[in-house]
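Understanding the architecture of this molecule
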Amino acid sequence: MFHIFCALPCEAEPLIQHFKLTELKQFELFRIYQSKDKHISLTITGVGKINAASAICYHHACINTHPADGWLNIGVAGHKNIPVGEVRLINKITDHQNGACWYPQILFDSAVGSEALITLNKPSENYQDSLFDMEASAFYQMAIRLGTAELIHVLKVISDNADQSTSTVNAANVKKMIAAQTTTINKLILALKPFSDELANTLSEPEHYQDIIGQWHCTQSERIKLCQLLRRWSVRCSDQDLIQTLAKLKTAKQIINTLYEKINNSEFVIHD
Amino acid sequence: MISMIYIEEEITDHPRTRSLLKRFPEATQISCERYGEVFNRKSQNFRLQKKKPALILAKKHKGLVLPTPKQYGIGAEHNYYFSHMLNCLYDCRYCFLQGMFQSAHYVLFVNYEDFIEDMQSMLSRHEKETVHFFSGYDCDSLALDPVTNFTAEFLPFFTKNPQALLELRSKSTQIRSLIKQEPIQNCVIAFSFTPDKIARALEHKAPSIEKRISAIIELQNAGWKIGLRFDPLIYTKNYAEEYTTLFNSVFSKLDADLIHSVSLGGFRLPKDYFRKLEKLYPEERLFSSPLEEEDNSISYPANIRNEMLEFCKDIILQHIANEKFFPCHEMI
Ligand code: SF4
């Protein structure tokens, strides 16, 4: 799943249309949208760091996110001399207030260049070599607690620069600027998907795990042991019928002992 | 190959930083205050980063040259190790670096001069005694040599100081810089091996056994001393057959007189590292090996461990003299 966060409704609207998202009316604190297949969700955070951080927590609680999900902050930002309408990924986020830095890990090939960004508390026209925004540091700081640095990204479209100041920015042209980048955003999601899938695979439970804990009462430590043993079973005893092996056993302890013994008595070959 | 380079502010103007940046003109440069801000952060995934590691240029401030654990050595009383780099181009599934580091990015400490100064002071501490320095603990010594210029920059120190010996631990065939220069007697190029089928299953991206042997032959012909490190020993049902084939192939092709030392080391990982590796690669067969926990580390049970060590030792001693053999050469 991918979770998108936009500060303003005008940043979100083109994405809501593009990904055919519908509003989840049951959530009232922030406006949350989701695609029919639940693959993409979007929350409008409002402006500023407090709003961004709160919206992420709320979104996480409402949508039930997974550690292998992708997190995107998409919006507009200012820069000294990058032309208005151009798009950039962010490779370093600095919180202007306390100097703290974060480094989103861009592991995919992208036609979009990357730049550093500074998150400010107030809008500024004192343009620099880094992009300016008002949410990214809070977005990242919160998202990194829920996901992994390789799957949390900030993508900004330049809305103003030293030649075209914020006075030229309005909702209508922000909508147009974001709408012009939907292909780029699609490509970003496609580029991140294999990473997300691979991570989801490594986090998934071994085969038969749910069947076993559904049928036999297992303590937390027995569940951990069971996971380890089921993984080993799939490598070392894949020719044996697990369900039949366990069918007559009465307790989780017996299951663990049986698996342990069978695995230990099997031959081990490290290669095909 | 490198598309992102993080640069510590303090070494932005270091001559080695400047020349490295010239090698990768297309790479995006990102400044950071300390490399740990990128490298040591939690919530990053080693497995994902291994697909496209970035380069981090940094300065090593303390602990540049450290004493090795007691049992680690190849004959000298004073043993130290140093790491001009963290992480490796290759991706061996048994590698403890995956458990030790949060990030798979390559960290290169560009202040070689400080490492050399520290080595000099270690030598002064043990005047007139032999001191061994080991490289290749936190990285492969040679894999990135064309980029780091490591051997060309460090070997002159050893030429000047014959009481010091350098071991370069590697699986790499990047030997051009060594071949170009006169061999020195106090440098051992130590190659690690596992049997071919095991290497194919576990040593991802590393040169094949055949290529490693060819590199050794070239080095031996040029007059360099060679070390052989059968470490880690990896258990599989037919290990005896597979290790016999490996030993035959290695010892039949190499000049035994030019072999400086041979060592063995069992597969062993600190428990925490092992658990992390298991989580990163739950599908990996290695982690389903017959292993057990002992003293906070994970290794083969004593019967397997001893049987393998004895078996390998017997064959190795048919090929080399006892004084060149160091059975347990384990760092962690
Ligand atoms: S060559 Fe050595 S350092 Fe590199 S991945 Fe393999 S074991 Fe680790």
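Let me sum up the structure you'll find in this document. Computed from a predicted model, the values in this text were never measured in an experiment.

Examining empty space enclosed by the protein
In this structure the tally under the stated criterion is 6 cavities of 30 Å³ or more. Estimates place the volume of the second largest cavity at around 90 Å³. In this structure, the second largest cavity is lined by Trp102(A), Tyr103(A), Gln105(A), Tyr140(A), Ile144(A), Ala149(A), Glu37(B), Val38(B), Arg41(B), Lys42(B), Ser43(B) and Gln44(B). For the lining of the second largest cavity, the residue count by class is 6 nonpolar, 3 polar and 3 charged.

Focus: the nonpolar core
Nonpolar side chains in soluble globular proteins tend to be buried together. Of all hydrophobic cores here, the largest spans 160 residues; its most connected members are Phe133(B), Leu228(B) and Phe230(B). Not counting chain neighbours up to four residues away, the residues in contact with Phe230(B) comprise Phe193(B), Leu246(B), Phe247(B), Val250(B), Phe251(B), Val262(B), Ser263(B), Leu264(B), Gly265(B) and Ile316(B).

Some points on the pairing of strand S8 (residues 114–119) of chain A
Residue and element names in this part refer to chain A. Pairing of strand S6 (residues 87–95) with S8, which is carried by 6 bridges, proceeds in the parallel orientation. Within S8, the residue paired with Ile-90 across the bridge is Glu-115. The pairing of S8 with strand S9 (residues 131–133) spans 3 bridges and is parallel. Across the sheet, the residue bridging to Leu-117 is Leu-131, located in S9.

Describing the site of the ligand
The local shell around the ligand consists of Cys88(B), Tyr90(B), Asp91(B), Cys92(B), Tyr94(B), Cys95(B), Leu97(B), Cys139(B), Asp140(B) and Lys171(B). The residue makeup of the shell around the ligand, split by class, is 7 nonpolar, no polar and 3 charged.

Quick word on the state of the cysteines
Following the criterion strictly, the structure yields 0 disulfides over all chains and no others. Between Cys237(A), a free cysteine, and Cys227(A), which holds the nearest cysteine sulfur, the sulfur-to-sulfur gap is 16 Å.

Some words on the pattern of salt bridges
For the structure on display, the rule yields 30 salt bridges over all chains. Between Arg88(A) and Glu86(A) there is a salt bridge whose closest N-O contact spans 3.0 Å. A residue is classified by how much of its surface remains accessible, and Arg88(A), at 15% relative accessible area, is buried. With relative accessibility at 32%, the residue Glu86(A) sits in the partly exposed group. Connected through shared salt-bridge partners, Glu198(A), Arg47(B), Lys51(B) and Glu283(B) make up one network.

Some words on the sheet that holds strand S2 (residues 28–32) of chain B
Residues and elements named next belong to chain B. Reading across the sheet, the 5 strands line up as S2-S1-S3-S8-S6 and stay open at both edges, with mixed pairing between neighbours. For this open sheet the edge positions go to S2 and strand S6 (85–86), each flanked by a neighbour on one side alone. Here strand S3 (residues 55–58) runs beside strand S8 (residues 106–109); their pairing, made up of 4 bridges, is parallel. Residue pairing for S8: Leu-55 is matched across the bridge by Tyr-106.

Thresholds applied
- Residues numbered from 1 in each chain as written.
- Chains lettered and ligands numbered in written order.
- Predicted model: local features only at pLDDT ≥ 70, side-chain atom pairs only at ≥ 80, totals over all residues.
- Heavy atoms only, no water.
- 1 Å grid on protein atoms, 1.4 Å probe; cavity = no way out; pocket = protein on both sides within 12 Å on 5 of 7 lines; lining within 4 Å.
- Points joined across faces, edges and corners; volume = space filled by probe spheres on them.
- Nonpolar A, V, L, I, M, F, W, Y, C, P; charged D, E, K, R; others polar.
- Core = buried A, V, L, I, M, F, W, Y, C linked by side-chain atoms within 4.5 Å.
- Buried < 20%, exposed > 50% of the residue type's maximum accessible area, 1.4 Å probe, protein only.
- Contact = heavy atoms within 4.5 Å.
- Pairing = 2+ DSSP bridges.
- Helix = DSSP H or I, 4+ residues; strand = E, 2+ residues; numbered from the N terminus.
- Near = heavy atom within 4 Å.
- Disulfide = S-S within 2.5 Å.
- Salt bridge = Lys/Arg side-chain N within 4 Å of Asp/Glu carboxyl O.

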